[in-house]
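Overview (structure and organization)
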Amino acid sequence: MTKTQIIMDCDPGLDDAVALLLAMASPEDIDILGVTTVVGNCSVELTQANARRICELAGRKDMKVFRGCSRTFFSRVAPSTYVGTDVHGETGLGGCKLPPPTMPLQSEDAVSYIIKTLLESPTKITLAPTGSLTNIACAFIMEPRIKEKIDKIVLMGGSIGLGNISPAAEYNFYYEPQAAYVVFTSNVPIVMIGLDVTRQTQTSEAWLQTVEAMNTPVSQAVVDMLSHYYRPNAFLEPGVTGGVLHDPNVIAYLINPSGD
Ligand code: RIB
Ligand code: CA
């Protein structure tokens, strides 16, 4: 199977961090052209620094990481149940003790990078957003021609059932509904991986113990991160007992779309 070239747009954030690690651990399936970051689980200053921390943890100081939008199009209504740092901690990476990043942040902004990379690519590229869709929507609005250079968008967001930030809303779409509208009306092929799918992938004490037993710097960092990752609202997410690993499902789909 040929590698899938992706731009990963994310808001690390604990589950984004695991998704990024999984993508970097799958070089035979995924070629990450660049990592763009956006405000969401925490500020974009934290999401861009956390993305670099995770790349360094994985030995990928060569990865291009870009800073994207620092706010949503419109000021968001007060959250009905929780904000990102309630779930991901003040640093955005829970109890993780990774040092500040030393690899550079790219000077180009994320939206310009997305536009330039797509327009200049000789082949179509897959976008893999795991946060709010603000960067992607800005790129579509600024340069609509990029739509012809996108093979598909595989995104984490939405739900066909209960939401998680409110009964009717999933966090990524709630945080930036206007951007979600721009993306879903773009006619670009979309694979939407919503809460009805992602709630099937939760952490558990037993699972964390198997990760800890791997006894590597990456496994220890993952345990430090996910030990603090809990379900934010029992009322909204009945039956959810662990931290839901939403975003790694985007990467798992790219690795094995059939899921068999
Ligand atoms: O609703 C889950 C989504 O919101 C995930 O992408 C999580 O990282 C948060 O961004
Ligand atoms: Ca996310």
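Residues numbered from 1 in each chain as written. Chains lettered and ligands numbered in written order. Predicted model: local features only at pLDDT ≥ 70, side-chain atom pairs only at ≥ 80, totals over all residues. Heavy atoms only, no water.

**Let's talk about the overall build of the protein**
Defined as follows: Strands are runs of DSSP state E lasting at least 2 residues, helices are runs of H or I lasting at least 4, and numbering of each runs from the N terminus. Radius of gyration here is computed from C-alpha atoms only, and the compact-globule reference equals 2.2 Å multiplied by the residue count raised to the power 0.38. Each residue's exposure class comes from its accessible area (1.4 Å probe, protein chains only) as a fraction of the maximum for that residue type: buried when under 20%, exposed when over 50%, partly exposed otherwise. Contacts between residues were defined by any pair of non-hydrogen atoms, one from each residue, lying within 4.5 Å. With residues, only the protein chains shown are counted as cover, and all accessible areas are computed by Shrake-Rupley using a 1.4 Å probe. Just so you know, the count uses Lys and Arg for positive and Asp and Glu for negative, and it drops His and the chain ends. To locate a charge, take NZ of a lysine, CZ of an arginine, CG of an aspartate or CD of a glutamate.
A tally of helices and strands in the protein yields 11 helices and six strands. Its C-alpha atoms give the protein a radius of gyration of 17 Å, within 12% of the compact-globule value 18 Å for 260 residues. Seen through its C-alpha atoms, the protein measures out along the principal axes to roughly 45 × 40 × 40 Å. Classification of the 260 residues of the protein by burial places 55% in the buried group. Across the protein, the fraction of contacts at a sequence separation of at least 24, relative to all contacts at a separation of at least 6, is 84%. Surface exposure of the protein reaches about 11100 Å², of which carbon and sulfur atoms provide 57%. Here the protein contributes 18 positive and 27 negative side-chain charges, whose respective centroids are spaced 5 Å apart.

**Side note on the site of ligand 1**
Operational definition: To be near a molecule or strand, a residue needs just one of its heavy atoms within 4 Å of it. Distance and chemistry together define a polar contact, namely a pair of N or O atoms within 3.5 Å, with one atom able to donate a hydrogen and the other to accept it when in protein, and with adjacent residues in sequence counting only for side-chain atoms on both sides. The nonpolar class holds Ala, Val, Leu, Ile, Met, Phe, Trp, Tyr, Cys and Pro. Asp, Glu, Lys and Arg form the charged class, and all remaining residues, Gly among them, are polar.
Every residue near ligand 1 is listed here: Asp11, Asp15, Asp16, Asn41, Thr130, Met156, Asn164, Glu170, Tyr171, Asn172, His246 and Asp247. Contacts to ligand 1 include Asp15, whose side-chain N or O atom sits 2.6 Å from an oxygen atom. A distance of 2.6 Å separates an oxygen atom of ligand 1 from a polar side-chain atom of Asp247. Protein contact buries 98% of the 270 Å² of open area that ligand 1 shows by itself. Listed by contribution, the elements that provide at least two residues to the shell around ligand 1 are helix 1 (14-24) and helix 6 (171-175). Taken together, the residues of the shell around ligand 1 sort by class into two nonpolar, five polar and five charged.

**Side note on the side chain of Asp16**
This is how it is decided: In the sections that follow, a salt bridge refers to a side-chain nitrogen of Lys or Arg positioned within 4 Å of a carboxyl oxygen of Asp or Glu.
Among the structural elements, Asp16 can be located in helix 1. Arg53 provides the closest opposite charge to the buried, salt-bridge-free Asp16, at an N-O distance of 14 Å. Discounting chain neighbours no more than four positions away, the residues touching Asp16 are Met8, Cys10, Asp11, Asn41, Thr130, Gly131 and Asp247.

**Observations regarding the sheet that holds strand 5 (residues 150-156)**
Rules: Strands pair, by our definition, only if DSSP identifies at least two bridges between them. Axis angles are defined between N-to-C directions and span 0 to 180 degrees, where every axis is a line fitted to C-alpha atoms and, for a helix, only to the segment in contact.
What the six strands build is an open sheet, ordered 3-2-1-4-5-6; its pairing is parallel. Each end of this open sheet is capped by a strand with a single partner; those strands are strand 3 (65-67) and strand 6 (190-193). Here the average twist between neighbouring strands, direction ignored, is 20°. Pairing between strand 1 (residues 4-10) and strand 2 (residues 30-37): seven bridges, direction parallel. Counted as the bridge partner of Thr4 is Ile30 from strand 2. Sitting on the sheet, helix 1 touches strand 1 and strand 2, and the angle it makes with strand 2 is about 150°.

**Brief notes about the environment of Arg145**
With respect to the helices and strands, Arg145 occurs in the loop between helix 5 (134-142) and strand 5. Among the residues examined, Arg145 registers a relative accessible area of 48% and is labelled partly exposed.

**A closer look at the coordination of the calcium ion (ligand 2)**
Stated precisely, the cut-off is as follows: Only nitrogen, oxygen and sulfur atoms qualify as donors, provided they sit within 2.8 Å of the metal or within 3.2 Å for Na, K and Ca; with water excluded from the atoms, sites may seem incomplete.
Summarising the metal site, the calcium ion (ligand 2) is bound by the protein donors Asp11 (OD), Asp16 (OD), Asp16 (OD), Thr130 (O) and Asp247 (OD), whose distances to it range over 2.2 to 2.5 Å. All donors of the calcium ion (ligand 2) belong to a single chain; written as a sequence motif, their spacing is D-x4-D-x113-T-x116-D. With Asp11 in the loop between strand 1 and helix 1 and Thr130 in the loop between strand 4 (125-129) and helix 5, the pair connects residues that are 119 residues apart, well separated along the chain.

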